[in-house]
Amino acid sequence: MHTVAVLAFAAFYAAATLLWHVPGYIGLAYLVVSAVCFGAYALDKAAARAHARRTPERTLLLLGLAGGWPGAVLAQQWLRHKTAKPSFQARSWATVAVNAGAFMYVATHL
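Residues numbered from 1 in each chain as written. Predicted model: local features only at pLDDT ≥ 70, side-chain atom pairs only at ≥ 80, totals over all residues. Heavy atoms only, no water.

By the naming in an unreviewed UniProt entry, the protein chain is DUF1294 domain-containing protein, taken from Massilia agilis.

Draft legend 1. Representation of helix α2 (residues 24–50). For α2, spanning 27 residues, the distance from its first C-alpha to its last is 39 Å, which sits close to the expected 39 Å at 1.5 Å a residue. The complete set of buried residues in α2 reads Ile26, Gly27, Tyr30, Ser34, Cys37, Ala40, Tyr41, Asp44, Lys45 and Ala47. Packing partners of the buried residues in α2 comprise α1 (2–20), α3 (57–79) and α4 (86–108). Phi turns positive, to about 55°, at His51, one or two residues after α2. (Helix = DSSP H or I, 4+ residues; strand = E, 2+ residues; numbered from the N terminus. Expected span 1.5 Å × (residues − 1). Buried < 20%, exposed > 50% of the residue type's maximum accessible area, 1.4 Å probe, protein only. Contact = heavy atoms within 4.5 Å.)

Draft legend 2. A look at unusual backbone geometry. Backbone geometry at His51 places phi at a positive 55°, although glycine is not the residue there. Of note, His51 is situated in the loop between α2 and α3. A positive phi angle, near 70°, is found at Lys82, a position not held by glycine. Locating Lys82 in the fold gives a position in the loop between α3 and α4.

Draft legend 3. Looking closely at the packing of α2 against α4. Two elements in contact, α2 and α4, have axes whose closest approach is 14 Å; the angle formed by their N-to-C orientations is 170°. One finds that α2 runs roughly antiparallel with respect to α4. Between α2, through Ile26, Tyr30 and Tyr41, and α4, the contact on the second element is made entirely by Phe88, Ser92, Asn99, Phe103 and Val106. (Axes fitted to C-alpha atoms, helices over the stretch in contact; angles between N-to-C directions. Parallel < 35°, antiparallel > 145°, perpendicular 65-115°, else oblique.)

Draft legend 4. Layout of the nonpolar core. Ranked by internal contacts, the top residues of the largest apolar core, which has 13 residues, are Val22, Ile26, Tyr30, Trp69 and Phe103. Mapped onto this core, the elements with two or more residues apiece are α1, α2, α3 and α4. Not counting residues up to four positions away in its chain, the partners in contact with Trp69 are Ala5, Val6, Phe9, Tyr30, Leu63, Gly64, Val96 and Asn99. Within the second largest apolar cluster, nine residues are counted, among which are Cys37, Leu61, Leu63 and Ala72. (Core = buried A, V, L, I, M, F, W, Y, C linked by side-chain atoms within 4.5 Å.)

Draft legend 5. Layout of the UniProt feature "transmembrane region" (unreviewed entry) in the protein chain. Mapped onto the present numbering, the UniProt feature "transmembrane region" (unreviewed entry) falls on residues 26–47 and 59–78. Within the segment residues 26–47, helix and strand shares are 100% and 0% respectively, and the terminal C-alpha atoms sit 31 Å apart. Annotated as residues 59–78, this span is 100% helix and 0% strand, and its ends, taken at the C-alpha atoms, are 20 Å apart. (UniProt positions renumbered as here; feature names shortened; annotations may be inferred.)

Listed below in structure tokens is the structure:
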């Protein structure tokens with residue numbers, strides 16, 4: 001389901017670009033913030049294994065909300081990180097819904 005969400009958004013983004021002429025910098029922003037978010041999850045996973053200082057969940061969620069959720073979704077799946085905590089998963093998917101809704105609004109009002 002995780003990868004499907006990212007692929008569905010990529011398809012929606014491509015369609016929005018064709019239909020509503022979404023500027024390329026928005027896609028670039030998603031890629032950059034997603035890479036940063038993926039890196040934050042990777043660092044947190046490494047810190048968890050080393051019993052070191054962790055990245056606050058709030059930071060991970062805010063990165064996802066800011067457009068990094070595709071990176072968050074992939075990091076959760078590929079790194080097997082933050083997948084066993086239902087409360088975090090619920091908040092994480094809420095950020096996906098809010099961000100996707102904001103994207104749809106912006107894409108249709110450019």
